[in-house]
Amino acid sequence: MPTDTSRSTSTPTSTPTFTAPTVVGYRALLRNREFAGLYAGFTLTVAAGTLSGFALGTLVDRQTQSPFLTAVSMYGATFATVLGALTLMSVADGSRPRRTLLALQCVSFAAVAAQAVPGLPLATRFGLLLVVGFFQSLATGTRMGLLVEVIPDSAYAPARSLMNITSGGMAVLGYAVGAVLLRHLSPREVFIVAAALTGIGLVLVWATIREHSIRLTRRPGLRETWAANIALFSRPGRRALLLNLWVPNGLIVGCEALFISYDPELASALLAAGSAGMLLGDLTVGRLLTADQRRRWAFALRLLLAAPYLVFAVHPPVLVATAAVFVASAGFAATLPLQEQLLASTPDPVRGQVQGVESAGRMTWQGIGAAIAGGVAQYLTPGTTISVLAAVSLTITVFSRRACHLGSAHT
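I will try to describe carefully the structure that is included in this document.

Basis of the calculations
- Residues numbered from 1 in each chain as written.
- Predicted model: local features only at pLDDT ≥ 70, side-chain atom pairs only at ≥ 80, totals over all residues.
- Heavy atoms only, no water.
- Phe/Tyr/Trp six-rings, centres within 6.5 Å; stacked < 30°, edge-to-face > 60°.
- Helix = DSSP H or I, 4+ residues; strand = E, 2+ residues; numbered from the N terminus.
- Buried < 20%, exposed > 50% of the residue type's maximum accessible area, 1.4 Å probe, protein only.
- Core = buried A, V, L, I, M, F, W, Y, C linked by side-chain atoms within 4.5 Å.
- Contact = heavy atoms within 4.5 Å.
- Patch = residues over 30% accessible without salt bridge, like charges linked within 9 Å, V, L, I, M, F, W, Y side chains within 5 Å.
- Areas by Shrake-Rupley, 256 points an atom, 1.4 Å probe, with all protein chains shown as cover.
- Salt bridge = Lys/Arg side-chain N within 4 Å of Asp/Glu carboxyl O.
- Axes fitted to C-alpha atoms, helices over the stretch in contact; angles between N-to-C directions.
- Parallel < 35°, antiparallel > 145°, perpendicular 65-115°, else oblique.
- Left-handed = near helix turned anticlockwise from the far one by under 90°.

## Observations regarding the packing of aromatic side chains
Summed over the entire model, instances satisfying the criterion amount to six aromatic pairs. A centroid spacing of 6.0 Å and a plane angle of 15° characterise the contact between F35 and Y39, whose relative ring orientation is stacked. Residue F35 and its partner Y39 are located together in helix α2 (residues 33-64), separated by four residues, close to a single helical turn. Judged by relative accessible area, which is 0%, F35 ranks as buried.

## Overview of the nonpolar core
Most often, soluble globular proteins have nonpolar side chains that are buried together. One finds F35, Y309 and F312 to be the most contacted residues of the largest nonpolar core, which totals 65 residues. Among the elements that make up this core, the one with the highest residue count is helix α10 (residues 236-257) (nine residues). If near-sequence neighbours (up to four positions away) are discounted, Y309 is found in contact with I252, C255, E256, F259, V325, A328, S329, I386, S387 and A390. If you look at the next biggest cluster of nonpolar residues, it comprises 21 residues, including L120, L128, V190 and A195.

## Focus on the environment of S108
Tracing the backbone through its elements, the reader meets S108 in helix α5 (residues 97-114). Those residues in contact with S108 that lie beyond four places of it in its chain are V132, F135, Q136 and T198.

## Thoughts on the side chain of T397
Its place among the elements puts T397 in helix α17 (residues 382-399). With relative accessibility at 1%, the residue T397 sits in the buried group. Not counting the four nearest positions on each side in its chain, T397 is found in contact with N244, P248, F299, R302 and L303.

## Thoughts on a nonpolar patch on the surface
On the surface, a cluster of nonpolar side chains totalling about 400 Å² of accessible area is made up of Y379, L380, V388 and V392. Relative to the assigned elements, V392 resides in helix α17.

## Side note on the packing of helix α13 (residues 291-306) against α17
For the pair α13 and α17, interaxial distance at closest approach is 8 Å and the crossing angle is 165°. Judged by the inter-axis angle, α13 sits roughly antiparallel to α17. By crossing handedness, the relation of α13 to α17 is classed as left-handed. Each of F299, R302, L303 and A306 in α13 lies in contact with α17, whose residues at this interface are A390, S393, L394, T397 and V398.

## Remarks on the pattern of salt bridges
According to the stated counting rule, one finds five salt bridges in the structure shown. The partner of R362 in a salt bridge is E358, and the shortest N-O contact between them spans 2.5 Å. Within this pair, R362 and its partner E358 are both found in helix α16 (residues 351-376), separated by four residues, close to a single helical turn. Per residue, the accessibility class of R362 equals that of E358, and both read buried. The network of salt bridges with shared partners includes R160, E358 and R362.

Okay, structure coming up:
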């Protein structure tokens, strides 16, 4: 697939449409040198983040024996992403996105490498964790902004599908590899491995991505970020899209966060089933369905995401529970058509920022969903809590359907 050179001109592109009858393959995407560079850098960033998070969690657990601090050390970076969305996400649409992405990845590299310093106080480690989360959220926005400039609009959903699959797969693989590494290496040495992966990703982006200069000429900053965010949330259709991208998914992640409490011996099988279902859903929806088919199936997929979890109210047999999680996780693929609708309603000059806000909000709601699940489970059984969160997720999906449809119709 040739590079879409029309995006390198100084004239903004027209509002994208998503009615292409063909489906772009993953191989064709990876033959695009710039996409391959973005994808490789993204893959290594996810792998490095998973390894460093696992190493930090292990280190904190050994030093403090505190489950709360250990959980915060592993997932606390997700809460810092919202800070980037609210303050400086407009840098994602600056006039030199390649240079911006390289600078942000340099900061992340330095923060990950600093974790390898011996004897670092825990307060400093948590501070570095927030730095990584903050700057990675800005890098995500910049990367997604570049994505829509280096590929045709018809390839957007397959590209996001491939990146979603990679993100889930690398997270699972990263934890497995991290567990193996920590049997033979110290957490400090695993931090060094993570820093090396971050550095390699940085070099790949530098070597493959060219500059794209069709962005805003005004100086990005807090004012520009807030102005774009206000415009983003001013339209009911966009608000509904973001609501459905964030909250139902976050609540289902909260269900997954209770697997260990629900059944410690079954938890690993449930988590594996969830990962497998998510990968299959993204592969099927992103690779095999056309844009029109994705739009038609979007609502059914959003229902599928939550409905199977209702069976946990009766503590089903092992096979039923595992199958329910597998089937439900395929519903995470509903993210793809919603992201397409959001992109179609976004003006070219702020595409990177809007996608960065969407990603940051989704990650933040995953943390919120886990916190809500843990809090409710203090008063209800884990199985009941899972079914309650699923019911709330379904309710939000059903009652926001019309607003999502209107948001799509007005793009």
